[in-house]
Amino acid sequence: MIRVFVPRDSAARSMGADEVTAAIAAEASRLNVSLQIVRNGSRGLFWLEPLVEVETVAGRVAFGPVQASDVASLFKSKFHDGGKHPLGLGRIEDHPYLKNQERLTFARCGITDPVSVADYVAHAGFEGLKKALAMTGAAVVAEVTESGLRGRGGAGFPTGIKWKTVLDAKVDRKYICCNADEGDSGTFADRMVMEGDPFMLIEGMTISGIATGADKGFVYIRSEYPDAIATMKEAIAAATAAGWLGANIQGTDKSFTLDVRRGAGAYICGEETSMLESLEGKRGMVRPKPPIPALEGLFGKPTVINNVLSFAAVPYILAQGGAAYRNYGLGRSRGTLPFQLAGNIKHGGLVEKAFGLTLRELIDKFGGGTLTGWPIRAVQVGGPLGAYLPAAKLDLPMDYEAFAAEGAMVGHGGVVVFDDSVDMAAQARFAMEFCSIESCGKCTPCRIGSIRGVEVIDKIVAGVEREANLEVLNDLCQTMTDGSLCAMGGLTPSPVQSAVRYFPEDFHRPASRQAAE
Amino acid sequence: MTEKHTLISPLPEGAEAARAIAGRHGNRPEALLEIFHDLQDELGSVPEAALPILAKALNLSRAEVHGVVTFYHDFRRAPAGRHVVKVCQAESCQALGSRALAAAIQKNLKVKFGETTADGAITLEAVYCLGNCALSPAIMVDGRLVGRVDAARFEKIAAELTA
């Protein structure tokens, strides 16, 4: 039977994938063509979504972006039978956007049916877990340490060290928590994993449980991701039914259960201690550290907290060995990072590459420049708390240390591109405003500082004692950086100060009456 | 309770549902967020009357329950309109004109963010990132993501919702 693939990824659906699926099914039945439609994950070439693929002897050939209105002509040209069509893209694996990537974590996303255990196993799924089941916890941790994997949520803390801390804690109960509160604008890799290859996350978390001696895990998913929540729940049920989760996994003495928890629209719950409070059913107020969650985490017990991408990297590391993963990357940034090209970009999507390529390669070679066609003026890397870099800094290599040296951060790998119509004073103001909206309110520099920040930027834009107020802004940023409890208040100054540093002209425009309002 | 005439003075709205949902979650205090979600899914909001019932069932203070429901943006204290439209206002969408789009949408619906249209059809909300950043600007209509939205495309969507 002919197999046709239409993604169930919510971004693909946002461009009409469901309508395309319905149209294909209707047309096939009308023409009496026997075919099976598989709802796969997305390949991450979002400007081509909905991307329809057909399985052929030569591999999977793709058509995109397909609208429901194109379906009749697709059948007319016998797209399901090797026919040519103006939307045809040829073999998808040969597409330069995919071909030039190094997909370790995203090797399977877009290929398989996300909720089919059989499909996952047929594509090298659970190989890492099988190995881990036969190893000691310490040996698993050693493998992860060897890989050089660092926390993919943004902070870049070595995953192996975190796991070892939990492993070494001698208590009755430990937890594994996945931070899937992907709230940073410009990031969607976590969502793609959960919607497109959820078993990989389940496998990574289960390995983490085996490694550290925890038998209970939670995936904390933001409520803005209803599709990811539904797919994760479906996958957890399927994995449990197939004996890959639950008691005595695959007949061993190891057990691990997993539950999904919905967030409730609070950005701050992406901060790990705030997430723990939320998982305990409380207000998402940040906890002071120490104690670190690895020693006193969920319900006061030692807890591994990692981002989706960190857990998702683990099955490969166990299956292929830490050294194989370590071979990618450079310096202290080992392995690959799934970069996310977003904002004003022609070819937005997911680009998994080893650390070390430059921002320019990412944006020009993969992204194809801006969508509007106007010149790039600013790029924000690492989410709303990341610095704005000017076009002149695009040759910076994507590497934790190189970015840190520039006062910027790689973070979760989100890259948001702005063309030259952007008003950087407005972006700086937004950074402060966002912080004031989303601050948990526990510490004063963040809670009050962000509100003062908005006011001071308004004064600067309005031309009120500009130089003096720029100094006040700088002072305020310093206080927030030094005095905030967590990264929310501590890093909000990063986009603000980089905007002032690299784009001073935007803070020195003739004051308009509008701006003073 | 001194009130005997329960037949003619029914329990305040939401109290019964709150008790049942809390029970389904084993009256565990750590399930409070899930309980609020379930309650809102069922009733469209978390009514005031539910709070003392939940406090009692979960063995929490009313202040704690109130603190949680008011902390999270998701939980409504009164039901929304028939449809909820969330417009992303975060950086990636800003880079493709979400500020202008937001202005056009507010003009089209004649409401501001946080308000419901006069006919009760649409509640409009700002949201910070829907994870559709490669297809900005993005909005969400009743939990369904829509990408590459412009004023014209929104007009069509709004017409369908109010039809």
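Residues numbered from 1 in each chain as written. Chains lettered and ligands numbered in written order. Predicted model: local features only at pLDDT ≥ 70, side-chain atom pairs only at ≥ 80, totals over all residues.

Brief notes about the overall build of chain A
Step number 1: Regarding its fold elements, chain A presents 23 helices and 16 strands.
Step number 2: For 517 residues, the compact-globule formula gives about 24 Å, and the C-alpha radius of gyration of chain A, at 24 Å, lands near that figure.
Step number 3: Each principal axis of the C-alpha distribution contributes one length, and for chain A these read about 75 × 60 × 40 Å.
Step number 4: Looking at chain A residue by residue over its 517 residues, the buried ones come to 58%.
Step number 5: Of all intrachain contacts in chain A linking residues separated by at least 6 positions in sequence, the fraction that spans at least 24 positions is 72%. (Helix = DSSP H or I, 4+ residues; strand = E, 2+ residues; numbered from the N terminus. Rg over C-alpha atoms; globule rule 2.2 N^0.38 Å. Buried ≥ 20, exposed ≤ 12 C-beta atoms within 10 Å, placed from the backbone. Contact = placed C-beta atoms within 7 Å.)

Observations regarding the environment of Leu389(A)
Residues and elements named next belong to chain A.
Step number 1: You can see Leu389 is positioned in strand β15 (residues 388-390).
Step number 2: Considered as a pair, Leu389 and Ala342 are 47 residues apart in the sequence and their alpha carbons are 15 Å apart.
Step number 3: Here Leu389 is in contact with Ala378, Val379, Val381 and Ala408, once residues within four sequence places are set aside.

Things to note about the environment of Phe126(A)
All names here are of chain A.
Step number 1: Looking at where Phe126 falls in the secondary structure, it is placed in the loop between α5 (117-122) and α6 (127-133).
Step number 2: Expressed as a C-alpha distance, the spacing of Phe126 and Gln101, which sit 25 residues apart in the sequence, is 23 Å.
Step number 3: Excluding its chain neighbours within four sequence positions, the residues that come into contact with Phe126 are Tyr120, Val121, Glu203 and Trp244.

Notes on the interface of chain A and chain B
Step number 1: Chain A puts 44 residues into the contact, and the matching count from chain B is 34 residues.
Step number 2: Of all the secondary structure elements, the ones that give two or more residues to the side of chain A that touches chain B are α1 (10-13), β12 (336-343) and β16 (414-419) of chain A.
Step number 3: With four residues, the top contributor of residues to the side of chain A that touches chain B is β12(A).
Step number 4: In terms of residue class, the side of chain A that touches chain B is built from 18 nonpolar, 17 polar and nine charged. (Nonpolar A, V, L, I, M, F, W, Y, C, P; charged D, E, K, R; others polar.)

Describing unusual backbone geometry
Residue and element names in this part refer to chain A.
Step number 1: In this structure, the amide linkage connecting Gly64 to the following residue, Pro65, adopts the cis form with an omega of -10°.
Step number 2: Tracing the backbone shows Pro65 in the loop between β4 (59-63) and α3 (71-76).
Step number 3: With an omega of -5°, the peptide bond between Lys289 and Pro290 qualifies as cis.
Step number 4: The topology assignment puts Pro290 in the loop between α12 (272-279) and β9 (303-307).
Step number 5: Phi at Asn248 takes a positive value of approximately 50°, unusual for a residue other than glycine.
Step number 6: Summarising the element assignment, Asn248 is placed in the loop between α11 (226-241) and β8 (257-262).

Description of the domain arrangement of chain A
All names here are of chain A.
Step number 1: In terms of domains, chain A is made up of domain 1 (2-99), domain 2 (120-326), domain 3 (333-418) and domain 4 (424-516).
Step number 2: Opposite the nine residues of domain 3 that make contact, domain 4 presents 13 residues.
Step number 3: For the side of domain 3 that touches domain 4, the elements supplying multiple residues, two or more each, are β14 (376-381) and β15.
Step number 4: Here the side of domain 3 that touches domain 4 is composed, by residue class, of six nonpolar, three polar and no charged. (Domains from an automatic or database assignment.)

What about helix α10 (residues 198-212) of chain A?
Residues and elements named next belong to chain A.
Step number 1: Between its first and last C-alpha, α10 extends 21 Å over 15 residues, near the 21 Å set by a 1.5 Å rise per residue.
Step number 2: Burial within α10 is extensive, with 15 of its 15 residues counted as buried.
Step number 3: Looking one or two residues beyond α10, the residue adopting positive phi is Gly213, at roughly 85°. (Expected span 1.5 Å × (residues − 1).)

Observations concerning the domain arrangement of chain B
Step number 1: As assigned here, chain B comprises domain 1 (15-71) and domain 2 (83-162).
Step number 2: Between domain 1 of chain B and domain 2 of chain B, the C-alpha centre-to-centre distance is 30 Å.

Things to note about the sheet that holds β14(A)
Residues and elements named next belong to chain A.
Step number 1: Across the sheet, five strands lie side by side as β13-β12-β16-β14-β15; this open sheet has mixed pairing. Strands at the two margins of the open sheet, each flanked by one partner only, are β13 (349-354) and β15. Averaged over all neighbouring strand pairs, the angle between strand axes comes to 30°, with direction disregarded.
Step number 2: In this structure, β12 lies alongside β16, joined through four bridges in parallel fashion. Looking at β16, one finds that Ala342 is bridged to Val416.
Step number 3: Running at roughly 20° to β15, helix α22 (residues 493-502) makes contact with β14 and β15 of the sheet. (Pairing = 2+ DSSP bridges. Axes fitted to C-alpha atoms, helices over the stretch in contact; angles between N-to-C directions.)

Quick notes on the sheet that holds β8(A)
All names here are of chain A.
Step number 1: With respect to topology, four strands assemble into an open sheet ordered β8-β7-β6-β9, the strand pairing being parallel. Of all the strands in the sheet, just β8 and β9 have a single pairing partner and so form its edges. Strand-to-strand twist across the sheet, computed as the mean angle between neighbouring axes with direction ignored, equals 20°.
Step number 2: Both strand β6 (residues 175-180) and β9 contribute to a ladder of five bridges, which runs parallel. Each bridged residue has a counterpart across the sheet, and for Tyr175 the counterpart in β9 is Thr303.
Step number 3: With respect to the sheet, α11 is in contact with β7 (216-221) and β8, its orientation differing from that of β8 by roughly 165°.

Here we look at the packing of helix α19 (residues 449-462) of chain A against helix α20 (residues 466-483) of chain A
All names here are of chain A.
Step number 1: Between α19 and α20, the least distance of the axes is 9 Å, while the angle of their chain directions is 160°. Judged by the angle between their axes, α19 and α20 are roughly antiparallel. Helix-helix and strand crossings are classified by hand; for α19 and α20 the assignment is left-handed. Contact with α19, carried on its side by Gly449, Arg452, Gly453, Val456, Ile457, Lys459 and Ile460, involves Arg466, Asn469, Leu470, Val472, Leu473, Leu476, Thr479 and Met480 of α20 and no other residues of that element.
Step number 2: Its residues placed into classes, the contact of α19 with α20 shows eight nonpolar, four polar and three charged. (Parallel < 35°, antiparallel > 145°, perpendicular 65-115°, else oblique. Left-handed = near helix turned anticlockwise from the far one by under 90°.)

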